[in-house]
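Remarks on the overall topology
Residue-level listing of the chains:
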Amino acid sequence: MTEILKMSAFLLVVCAVTAGALAVTEKATKGRIEENLRLEEEEARKEVLGGLAFEKSSARKAELGGSEIEIFECFDSAGRKVATVAKGSGKGFGGRIAFMLGIDAEGRVLGVKVVSHAETPGLGTKVMDGSFLAQFKGLSGRESALRKEDPAGRIDAITGVTVSSRAMTRGVRGLLDLLENERGK
């Protein structure tokens, strides 16, 4: 019986030390992790603007399909809006596919970049390929739908990755529609 108590006490000490070490590590790295995520998102916003220059930007939140999204509006030195970057998502096969979408002042796509996903490596991740994402460039609203779902659509789904392709196109189109409705007000 005393052997069982000794092993239990030893296991308790090991678990307590491990839990304490994990807590200290999490606390020590939390700031750095948050800063790295902020820098990654900032880089993604610049990338989807395709080198478009702007003087200042403002951030705000909006709601789309029950989810809160972030919208960054970019202005020139005269205060005119030159572009908008929105962070959205779509429900893919493996979970949410989060992406950044850059559009110009007329509502045309400047660029799309996937920032996080849980898709199957080698298959679902094909929606992150430049060739798929490049299809969105220059499109607006209804044009950004899958051809097989909408005759006006100009996006070709990736064979075998229809769920992920649909998630991206519906997510992009939803953001474009939201921003178009806001511009029309």
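Scanning the entire structure with this criterion turns up one aromatic pair. With centroids separated by 5.7 Å and ring planes inclined at 85 degrees, the aromatic side chains of phenylalanine 132 and phenylalanine 136 adopt a geometry described as edge-to-face. In terms of burial, phenylalanine 132 and phenylalanine 136 fall into one category: buried. The ring centre of phenylalanine 72 lies 4.0 Å from the NZ or CZ of arginine 45, which sits over that ring.

Moving on to the nonpolar core. Within the largest apolar cluster, 27 residues are counted, with the highest numbers of intra-cluster contacts made by Leu101, Val112, Phe132, Phe136 and Met168. For this core, the secondary-structure elements that each account for two or more residues are strand E2 (67-75), strand E4 (96-104), strand E5 (109-116), helix H2 (130-133) and helix H3 (162-184). If we skip the residues at most four places from it in the chain, leucine 101 touches Val48, Thr84, Val85, Ala86, Val109, Gly111, Val112, Val172, Leu175 and Leu176.

As a further point, take helix H1 (residues 2-48). For an α-helix, the turn length of 3.6 residues means that residues three or four places apart are oriented alike. Between the first and last C-alpha of H1 there are 65 Å, a value that for 47 residues agrees with the 69 Å anticipated at 1.5 Å per step. If you check which residues of H1 are buried, you get Ala44, Arg45 and Val48. Considering only its buried residues, H1 is in contact with E2, strand E3 (81-91), E4 and E5. One or two positions beyond H1, positive phi appears at glycine 50, with a value near 60 degrees.

Rules behind the numbers
- Residues numbered from 1 in each chain as written.
- Predicted model: local features only at pLDDT ≥ 70, side-chain atom pairs only at ≥ 80, totals over all residues.
- Heavy atoms only, no water.
- Phe/Tyr/Trp six-rings, centres within 6.5 Å; stacked < 30°, edge-to-face > 60°.
- Buried < 20%, exposed > 50% of the residue type's maximum accessible area, 1.4 Å probe, protein only.
- Lys NZ or Arg CZ within 6 Å of the ring centre and 35° of its normal.
- Core = buried A, V, L, I, M, F, W, Y, C linked by side-chain atoms within 4.5 Å.
- Helix = DSSP H or I, 4+ residues; strand = E, 2+ residues; numbered from the N terminus.
- Contact = heavy atoms within 4.5 Å.
- Expected span 1.5 Å × (residues − 1).

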